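# Chain and residue survey
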Amino acid sequence: MRFHIVGLGPIGTLAAFHLRRAVPRSTPISLIHRKPLHPQREENVLKVERDGVVSTEDGYDVEYFPGSQTDTSMEATNPLTDIHSLIIATKAQATFGVVEALLPNLSRNSTIVLLQNGMGVYERLVETIFKNPANRPHFICTVNTHGATMREARRHAIHRGLGALRFGIMPNINRDFEKSLRNPELPPEERVLSLSDISSEGDPQAERYQSLLMTVAALSVMDLNPQWTPIETLQIAMYQKLVANAIINPLTALLRCPNGELLAHNATKNIALKVCTEAGTTFHKMYASRLDKEMRMMHAQGLAPRTQPQVPRELWSSSLMEETMRIAEVTAKNTSSMLYDVLHARPTEVDFINGHICRLGKQYSVATPTTKTLWDLMQLRAAIPLDLIV
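Keep in mind that this is a model prediction, so the values were computed, not measured.

## A short note on the environment of Arg136
Here Arg136 lies in the loop between helix 3 (121-128) and strand 8 (138-144). Along the backbone, Arg136 and Arg108 are 28 residues apart, and their C-alpha atoms lie at a distance of 5.1 Å. Filtering out sequence-adjacent residues up to four positions away, Arg136 remains in contact with Arg108, Tyr122, Val126, Phe130, Lys131 and Arg208.

## Some remarks on the sheet that holds strand 4 (residues 53-57)
Taken in spatial order, the 4 strands of this open sheet run 4-3-10-9, and their pairing is mixed. Strand pairing shows two members of the sheet lacking a second neighbour, strand 4 and strand 9 (147-150), which therefore form its edges. Averaged over all pairs of adjacent strands, the angle between their axes in this sheet comes to 25°, without regard to strand direction. In this sheet, strand 10 (residues 156-161) lies alongside strand 9 in antiparallel orientation, the contact comprising 4 bridges.

## Thoughts on helix 2 (residues 95-102)
Every buried residue belonging to helix 2 is among Thr95, Phe96, Val98, Val99 and Leu102, and all of these are buried. Relative to the axis of helix 2, the buried residues are bounded by an arc of 160° and lie together on one face. In this structure, the buried side of helix 2 is in contact with strand 1 (3-6), strand 2 (29-33), strand 6 (85-88), strand 7 (111-114) and helix 3.

## Quick notes on the sheet that holds strand 6
By definition, the strands of a sheet pair up through backbone hydrogen bonds, in either a parallel or an antiparallel sense. The 8 strands lie next to each other as 5-2-1-6-7-8-11-12, forming an open sheet whose pairing is mixed. Two strands bound the open sheet, and with one partner strand each, they are strand 5 (61-64) and strand 12 (226-228). Taken pair by pair, the neighbouring strands of this sheet meet at an average axis angle of 25°, ignoring direction. Where strand 8 meets strand 11 (residues 165-169), 5 bridges bridge the pair, whose relative direction is antiparallel. Counted as the bridge partner of Ile140 is Ile169 from strand 11. Running at roughly 155° to strand 6, helix 2 makes contact with strand 1, strand 2, strand 6 and strand 7 of the sheet. In this fold helix 4 (residues 206-221) packs onto strand 1, strand 6, strand 7, strand 8, strand 11 and strand 12, with an angle of close to 15° to the strand it touches most, strand 8.

## Digging into the pattern of salt bridges
Applying the stated criterion across every chain, the model contains 13 salt bridges. Note that Asp51 is salt-bridged to Arg50, the shortest N-O span being 3.7 Å. Asp51 gets classed as exposed once you look at its relative accessible area, which sits at 68%. Across the pair Asp341 and Lys91 runs a salt bridge whose closest N-O atoms are separated by 2.9 Å. On the criterion of sequence distance, the pair formed by Asp341 in helix 8 (residues 337-343) and Lys91 in the loop between strand 6 and helix 2 is long-range, its members being 250 residues apart. Connected through shared salt-bridge partners, Arg21, Arg25, Glu57 and Asp58 make up one network.

## Section: the packing of helix 9 (residues 354-363) against helix 10 (residues 369-383)
With their axes 9 Å apart at the nearest point, helix 9 and helix 10 run at an angle of 140° to one another. By the angle class used here, helix 9 and helix 10 are oblique. In the crossing of helix 9 with helix 10, the sense of the turn from one axis to the other is left-handed. Contacts between helix 9 and helix 10 involve Asn354, Gly355, Ile357, Cys358 and Arg359 on the former and, on the latter, Thr371, Lys372, Leu374 and Trp375. For the contact of helix 9 with helix 10, a count of residues per class yields 4 nonpolar, 3 polar and 2 charged.

## Overview of the nonpolar core
The biggest cluster of nonpolar side chains holds 67 residues, and the ones touching the most others in it are Leu102, Leu114 and Phe283. Broken down by element, the residue count for this core peaks at 14 residues, all from helix 5 (residues 231-255). Leaving out residues up to four positions away in the same chain, Phe283 has contacts with Tyr239, Val243, Leu315, Leu320 and Leu360. Among the nonpolar cores identified, the runner-up in size contains 34 residues, and Phe3, Tyr60, Ala89 and Leu193 belong to it.

About the criteria used
Residues numbered from 1 in each chain as written. Predicted model: local features only at pLDDT ≥ 70, side-chain atom pairs only at ≥ 80, totals over all residues. Heavy atoms only, no water. Helix = DSSP H or I, 4+ residues; strand = E, 2+ residues; numbered from the N terminus. Contact = heavy atoms within 4.5 Å. Pairing = 2+ DSSP bridges. Axes fitted to C-alpha atoms, helices over the stretch in contact; angles between N-to-C directions. Buried < 20%, exposed > 50% of the residue type's maximum accessible area, 1.4 Å probe, protein only. Arc of directions from axis to C-beta. Salt bridge = Lys/Arg side-chain N within 4 Å of Asp/Glu carboxyl O. Parallel < 35°, antiparallel > 145°, perpendicular 65-115°, else oblique. Left-handed = near helix turned anticlockwise from the far one by under 90°. Nonpolar A, V, L, I, M, F, W, Y, C, P; charged D, E, K, R; others polar. Core = buried A, V, L, I, M, F, W, Y, C linked by side-chain atoms within 4.5 Å.

Following this line, the structure appears as structure tokens:
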């Protein structure tokens with residue numbers, strides 16, 4: 001069993017660092033690079049700084065994307081090995097190119113962990129690359145609330161804000177990974193997610209699920225406050241973070257300010273309230289549509305409909321507003337990832353944040369003018385160079 005990690009920004013570095021500490025030293029971990037780097041650089045050494053204390057981890061293998069070129073000043077390219085478990089910590093928009101490049105090394109037995117901001121990446125991957133569920137790798141989606149930035153020196157992350165790493169397994173047509181949560185033979189307090197629902201001793205399909213089992217086990221013991229979460233609960237958390245990011249990230253990127261500066265101005269609350277209202281209305285329509293489909297399906301099967309579920313309180317407009325303000329407060333000193341990208345002239349993830357809310361709004365016939373305006377402004381910010389006027 002080998003782990004691969006691609007995307008060694010602050011969060012990718014943080015994940016690779018703690019993964020190395022979580023699994024036995026005999027378990028190989030490969031860092032995937034796009035191009036060979038100078039042999040004198042310690043590319044298999046990662047540093048994480050917390051409260052001024054710098055810790056170091058090594059023992060990584062270094063591999064490269066297929067087709068990477070070398071020259072006489074660099075070491076020969078290490079061939080990419082078969083991928084059992086792949087953690088993708090790149091920007092959301094880069095995921096598709098990464099997966100396409102690594103397809104020859106992936107299989108239906110592989111596991112892919114999506115560790116990035118925004119939503120819609122998984123859906124687009126299964127719609128465009130992994131259309132056949134029978135041949136699709138396992139997917140784990142995440143919600144990360146740790147804050148981290150990079151030192152100018154490569155492979156040195158600063159862990160600025162402690163949070164949590166929540167993750168969940170996307171459903172599989174052949175196996176229920178959350179079976180223990182619905183086991184009527186267990187008392188409610190004992191109904192928790194279990195590794196045995198992924199695979200257990202004597203499993204005739206053990207090879208199919210080994211990488212998923214080992215990946216969940218490794219994530220569960222990483223020193224990042226890991227929380228294996230039912231997928232429906234995780235998706236609620238993903239929507240909460242999506243809305244907060246749709247407000248905090250564009251505003252800080254446009255204004256070039258830390259997150260906490262937004263809290264001092266009523267204008268921020270006016271904009272935030274509009275985005276939260278647009279998102280909350282969209283989520284209500286989305287849940288109503290899902291309920292309608294479920295009830296029609298049950299009626300067709302001659303089954304009695306369930307009691308109508310309520311839209312989760314966490315996705316009400318007022319709750320989204322409270323959560324956004326809370327996140328801005330606890331990350332007050334942080335520089336948002338979108339501002340960091342703008343300052344370094346890099347593409348942002350706005351298409352998978354504000355863009356995702358706007359696409360959902362269009363799907364469920366909800367107008368999202370404020371969210372769309374922030375999306376448009378970020379596209380302008382990316383297109384027009386900073387400080388054109390001297």
